[in-house]
Protein chains: 2
Amino acid sequence: MERYRALIEAHVERWIGELPGDALYGPMAYLMRLPAKRVRPALTLIGCELFGGRPENVLDEAIGIELFHNFTLMHDDIMDASPLRRGMPTVHMKWDVNSAILSGDAMLVKAYQLMGSNAHVLKIFNEHALAVCEGQQRDMDFERRADVSFQEYREMIRLKTAVLLSCALRIGACKAGAGADDQESIGAFGENLGLAFQLRDDLLDAFGDPAVTGKRRGGDLLNGKKTWLLIRGLERATDEGSGLLRGELAKPIPERNVDVMIEQLRGLGVEREANDEVLRLETAAFAQLDGIAVPDERKLPLRALARTLQARTS
Amino acid sequence: MERYRALIEAHVERWIGELPGDALYGPMAYLMRLPAKRVRPALTLIGCELFGGRPENVLDEAIGIELFHNFTLMHDDIMDASPLRRGMPTVHMKWDVNSAILSGDAMLVKAYQLMGSNAHVLKIFNEHALAVCEGQQRDMDFERRADVSFQEYREMIRLKTAVLLSCALRIGACKAGAGADDQESIGAFGENLGLAFQLRDDLLDAFGDPAVTGKRRGGDLLNGKKTWLLIRGLERATDEGSGLLRGELAKPIPERNVDVMIEQLRGLGVEREANDEVLRLETAAFAQLDGIAVPDERKLPLRALARTLQARTS
């Protein structure tokens, strides 16, 4: 990963260095310089290399994907009224809402500028970009609904977060000249890995070690945030006729007992089920990777990245 | 114009008909269906035909330009907190701010989808799209400054409104295979016409007939909105040592006398100067058109359109 990150960080700095001095570009540079894992652009480089291309040849597209991701963060943070991003003030807090709207808009144009004019690449990017917007729309719609099903939630998460990993890999593969079937396989790998990643996030919130995650144990649960675990937990509780979880949620936040809620999720079998699902998703991802006919050593970076994501505790 | 409009309206309806049912797309369809002059997409068709292309071949790009324009309206209306657009509720009023942000974002992606993968077209579109964002940024910055010069204002208006007319014409010309010089000329024609159009707008606000414009006489002036006329008027007043205009602006809005303000603009020679400038811009535009070596009858639609804009009283 370090090799890819170095390439990416250098290219991000080069890109920032070429921005005009206008006020419009300050928030972009600020957000792009916050410490980040750069998972998406790394996937573009890795996807390219997997099919025999040179990572250096897809740096523009990789940064384009990262710009798109950061554009969605800039606008999502307005919509969610989030004060912090990566531990630092969000753009709409540091500047103002209008600057964050407008700078985000220009950021999307800059992402397209980097994406170039390859018809296949643009087709992939356009479709996935719309899927991400649809995911965010559903996320907002779900906030106002009490009856969101587990399947609906899963599809929302797929659109909002997993498809961009798929998009990053596909574009790298496409630029390396991979065939349509191979692009499909590597995309499915990315999507399954993305879903597993998100579910693991939910699991860490409730069952992770607060000393390691750095977050309050069960913070999402306590706030009644609709996550994979909570939605599934409420479904299971209804099936089993248990009112404990719903009882806690009916209380004002300060009076909720998060330990009771976590115990309930365990008792309802939701923790086990979620762990099984993570395993199932990761297995499905690796099966897709196995099906791609390239020398095995080329698959090592993806396996290493996937293992890093699997082993994480924070 | 009617021939172009019919082509455009039919293509807009076809485009709307193919949108998915998601909540994300409702606001786009709503805004795109509000009655509009369709000047920008018409310019793309006309720019294509001018250089021997078929208008039917640039309908996607034309609608892409119109979508981009409407995307900027959707977001500008949030930033300006405008309740009405074309006499109807703005998207953020009819839905909410978050829907308007997100639907606007997706609208920009849809605009790119229509713009295709022609490298030259994309280069033109990217550059002009960024210019429009820079113009809006300056417009917002200027609201917080008391010392905006006439030159700065003019450059802001050029970026915010005139360059998109230029872009629309250039893309049509480019798709018809026009050479670089011809693209430059038709772009300059559009930019000058756009500046003239905006200045005429300001003139109509102060000196037009309210019975024809349907707006309150001097409404912009009364609200102290920074327009071409007011900024130039304040510059001239300073030169001439007159405090009348500034005196009116120092009063609360209900106490301002708009007739005094309009008389001042006349007395300071600003009305005459603005009329001269409109004439100068239109002459410059037509000189660019004259320089393009295509049969004269092909220039008729552009001359007709320009005359319509010149003759307008509302």
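Attention in this report is confined to the structure presented alongside it. (Residues numbered from 1 in each chain as written. Chains lettered and ligands numbered in written order. Predicted model: local features only at pLDDT ≥ 70, side-chain atom pairs only at ≥ 80, totals over all residues. Heavy atoms only, no water.)

## Some thoughts on the pattern of salt bridges
Residues and elements named next belong to chain A.
Right, on to step 1. The final tally for this structure, using the stated rule, is 60 salt bridges over all chains.
Right, on to step 2. One salt bridge connects Glu61 with Lys175, and the closest N-O pair in it is separated by 3.0 Å. Separated by 114 residues along the polypeptide, Glu61 in helix α4 (residues 59–79) and Lys175 in helix α8 (residues 150–175) bring together distant segments of the chain.
Right, on to step 3. When its relative accessible area of 34% is taken as the criterion, Lys175 is described as partly exposed.
Right, on to step 4. A salt bridge links Lys123 to Glu127, with the nearest nitrogen and oxygen atoms 3.0 Å apart. Here Lys123 and its partner Glu127 are both found in helix α7 (residues 119–143), four residues apart, which amounts to about one turn of the helix.
Right, on to step 5. Given a relative accessible area of 53%, Lys123 falls into the exposed group.
Right, on to step 6. Assessed through its relative accessible area of 42%, Glu127 is described here as partly exposed.
Right, on to step 7. A single network of salt bridges, built from pairs that share partners, joins Arg5, Glu9, Arg38 and Glu66. (Salt bridge = Lys/Arg side-chain N within 4 Å of Asp/Glu carboxyl O. Helix = DSSP H or I, 4+ residues; strand = E, 2+ residues; numbered from the N terminus. Buried < 20%, exposed > 50% of the residue type's maximum accessible area, 1.4 Å probe, protein only.)

## With respect to the environment of A:Ser117
Right, on to step 1. Mapped onto the secondary structure, A:Ser117 falls in the loop between α6 (97–115) and α7.
Right, on to step 2. According to the relative accessible area criterion, A:Ser117 is partly exposed, its value standing at 31%.
Right, on to step 3. For A:Ser117, the residues in contact, after removing those within four places along its chain, are A:Leu122, B:Ser117, B:Ala119 and B:Leu122. (Contact = heavy atoms within 4.5 Å.)

## Topic: the packing of aromatic side chains
Right, on to step 1. If you walk through the whole model with that rule in mind, you get 15 aromatic pairs over all chains.
Right, on to step 2. Between the aromatic rings of A:Tyr112 and B:Tyr112, the centroid separation amounts to 3.6 Å while the plane-to-plane angle is 5 degrees, which identifies the pairing as stacked. Here A:Tyr112, found in helix α6, pairs with B:Tyr112, found in helix α6 (residues 97–115), and the two come from separate chains.
Right, on to step 3. Here the guanidinium or amino end of A:Arg3 rests over the ring plane of A:Tyr4, the centre of that ring lying 4.6 Å away.
Right, on to step 4. Here B:Arg232 stacks its cationic end above the ring of B:Phe150, 5.5 Å away from the centre of that ring. (Phe/Tyr/Trp six-rings, centres within 6.5 Å; stacked < 30°, edge-to-face > 60°. Lys NZ or Arg CZ within 6 Å of the ring centre and 35° of its normal.)

## Notes on the state of the cysteines
Residues and elements named next belong to chain B.
Right, on to step 1. Taken as a whole and judged by the stated rule, the model has zero disulfides over all chains.
Right, on to step 2. The thiol of Cys167 is unpaired, and the distance to the nearest cysteine sulfur, on Cys174, comes to 10 Å.
Right, on to step 3. There is no disulfide at Cys174, and the cysteine sulfur nearest it, in Cys48, is 10 Å away.
Right, on to step 4. Judged by relative accessible area, which is 11%, Cys174 ranks as buried. (Disulfide = S-S within 2.5 Å.)

## Here's the deal with the interface of chain B and chain A
Right, on to step 1. Contact with chain B, which involves 35 residues of that partner, is made by 35 residues of chain A.
Right, on to step 2. Taken together, both faces of the contact between chain B and chain A bury some 3,200 Å²; the carbon and sulfur share is 66%.
Right, on to step 3. It is B:Leu102, B:Val109 and B:Leu130 in chain B that bury the most area against chain A; as a group they hold 18% of the surface buried on that side.
Right, on to step 4. Our enumeration of links across chain B and chain A arrives at four salt bridges.
Right, on to step 5. Linking A:Asp96 and B:Arg144 is a salt bridge whose minimum nitrogen-to-oxygen distance equals 3.2 Å.
Right, on to step 6. For the pair chain B and chain A, the number of links is 10 residue pairs in polar contact (both at pLDDT 80 or more).
Right, on to step 7. Of all the secondary-structure elements, those providing two or more residues to the side of chain B that touches chain A are α4 (59–79), α6 and α7 (119–143) of chain B. (Buried area = accessible area lost by both parts, 1.4 Å probe. Polar contact = N/O pair within 3.5 Å; in protein donor to acceptor, adjacent residues only side chain to side chain.)

Any link to function would need more than the numbers given here.
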